[in-house]
Amino acid sequence: MKFYGKYFAGDSGKALVFMDRKEDGTYSFKEEFDTQRKLVDFFKKKPHGPLEEKLISLCANVLFLPEERKGETVYHPRFNVYNTESYQYLSESEQKSIYDLYHDYFFRRQDHLWYEKAMEKLPMILNATKMLICGEDLGMVPACVPVVMDELAIIALKVQRMPAENISFYDPRYANYMNVVTASSHDSSTLRQWWKEDSGLTQRYFNQQLVQYGKAPQDLTPDLAEIIMKQHLYNESMLAIFPIQEFLATDAALTNPKMDNERINNPAVFPHYWRYRMHIKLEDLKNQKIFNEKIAHWIKDSGRM
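Report follows, based on the coordinates. Note that this is a predicted model, so its numbers are computed, not measured.

### Comments concerning the side chain of Thr250
Tracing the sequence through the fold places Thr250 in the loop between α12 (244–248) and α13 (282–286). According to the relative accessible area criterion, Thr250 is buried, its value standing at 5%. Separated by 2.6 Å, the side chain of Thr250 and the backbone oxygen of Phe247 make a polar contact. Here Lys294 takes part through its side chain, which lies 3.1 Å from a polar atom of the side chain of Thr250. Those residues in contact with Thr250, other than ones at most four positions away along the chain, are Pro222, Ala225, Glu226, Met229, Phe291, Lys294, Ile295 and Trp298.

Written as structure tokens, this is what we have:
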């Protein structure tokens, strides 16, 4: 593992306590801290403040996971390997090689296995409840997934920024009835955060999806948030479900001044991240007459009552 001073900023000295320096100038976690579980157990006894989350996240920043099998060590690519910081620092050829291995491992080699297991387990789940089952078929999915979902009549979840197709983002206006559409999920950043993550993608989204001209604003404005919400509401999908933060983004007076406090969960952070709290009391929100009437009109006008 390469050691990036900028990753720890002013805590780099404290972080070295958990590291061993190798002869080639790289660093690795000491044996007593080389898993997330070991770090969590250590921090329970000796808290280290903000450094804890950085170290735990860094420990998960691996490309392959080892497994002992019949006396030898084999390695499997980790899920979403291309989102790790380690992957970003590889050369283009190295990235391509790892991506090809990843895609073959998850989406080709085991496709038949995914299908068999799905048809074995999912019918039992469907028959065990009267609840509506939704499949979280986000991003790149094995070829068998849409086949299984169609055969079992399972509705699909469409998150605009996580398209299953090879496109930059999904257009909710084309959602069919067997879909649940949303602008973000509990495991993703909010719309306001996502807007600032990739300026190039935001610009394309601003021009192509929102059909706006010129340069995209630095921050997501309430009027743009309103366009996004309406695109998700006014379509043929069975359900349109949103985190409340996305409704609040349509009113400048109701948005959280601390945007990064809006995220509900980050699945990359172990063991938990679930710490979202509304910055507005429900009693105060109920008194926001103009805002509530606006949202109520959207729901009624789009036929979702």
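### So, unusual backbone geometry
At Asn80, a residue that is not glycine, the phi angle is positive and equals roughly 55°. Secondary-structure assignment places Asn80 in the loop between β4 (72–77) and α5 (85–88). A positive phi angle, near 55°, is found at Val211, a position not held by glycine. Tracing the backbone shows Val211 in the loop between α10 (199–209) and α11 (222–233).

### A few points about the pairing of strand β6 (residues 155–159)
Buried residues dominate β6, accounting for five of its five residues. Side chains Ile155, Leu157 and Val159 of β6 all project onto a buried face; the interleaved residues Ala156 and Lys158 project onto the opposite face, where all are buried too. Sheet topology note: the strand β5 (residues 134–135)/β6 ladder contains two bridges and is parallel. Residue pairing in the sheet places Cys134 in a bridge with Ile155 of β6.

### Details of the pattern of salt bridges
All told, the structure shown has 10 salt bridges when counted by the stated rule. Between Glu53 and Arg275 there is a salt bridge, with the nearest N and O atoms lying 3.4 Å from each other. On the criterion of sequence distance, the pair formed by Glu53 in helix α4 (residues 51–59) and Arg275 in the loop between α12 and α13 is long-range, its members being 222 residues apart. Judged by relative accessible area, which is 34%, Glu53 ranks as partly exposed.

### Structural notes on the pairing of strand β3 (residues 64–69)
Alignment of β3 against β4, held across six bridges, turns out to be antiparallel. Within β4, the position partnered with Glu67 by the bridge is Val74.

### A look at the sheet that holds strand β7 (residues 179–182)
As summarised here, the arrangement of the four strands in space is β5-β6-β7-β8, forming an open sheet in which the pairing is parallel. The open sheet has two free edges, formed respectively by β5 and β8 (239–240), since each of these has just one partner strand.

### Some points on the packing of aromatic side chains
Summed over all chains, the structure comprises 16 aromatic pairs. Here Phe42 and Phe43 contribute two aromatic rings whose centre-to-centre distance is 5.7 Å and whose plane-to-plane angle is 65°, an arrangement assigned as edge-to-face. When its relative accessible area of 23% is taken as the criterion, Phe42 is described as partly exposed. The exposure class assigned to Phe43 is buried, which follows from its relative accessible area of 5%. Seen in terms of ring centroids, Trp195 and Tyr205 are 6.2 Å apart; in terms of plane orientation they differ by 85°. Their pairing is edge-to-face.

### Observations regarding helix α14 (residues 289–301)
Taking 1.5 Å of rise per residue, 13 residues should cover 18 Å, and α14 covers 18 Å from first to last C-alpha, within 8% of that figure. Taken residue by residue, α14 has Phe291, Lys294, Ile295 and Trp298 as its buried positions. The buried residues of α14 occupy an angular sector of 90° when projected down its axis, which confines them to one face. Residues of α14 that are exposed and angled more than 90 degrees away from the buried face: Lys289 and Lys300. Those residues of α14 that are buried lie in contact with α11, α12 and α13. Taken from the residues just after α14, Gly303 is the one with a positive phi, measuring 75°.

About the cut-offs
- Residues numbered from 1 in each chain as written.
- Predicted model: local features only at pLDDT ≥ 70, side-chain atom pairs only at ≥ 80, totals over all residues.
- Heavy atoms only, no water.
- Helix = DSSP H or I, 4+ residues; strand = E, 2+ residues; numbered from the N terminus.
- Buried < 20%, exposed > 50% of the residue type's maximum accessible area, 1.4 Å probe, protein only.
- Polar contact = N/O pair within 3.5 Å; in protein donor to acceptor, adjacent residues only side chain to side chain.
- Contact = heavy atoms within 4.5 Å.
- Pairing = 2+ DSSP bridges.
- Salt bridge = Lys/Arg side-chain N within 4 Å of Asp/Glu carboxyl O.
- Phe/Tyr/Trp six-rings, centres within 6.5 Å; stacked < 30°, edge-to-face > 60°.
- Expected span 1.5 Å × (residues − 1).
- Arc of directions from axis to C-beta.

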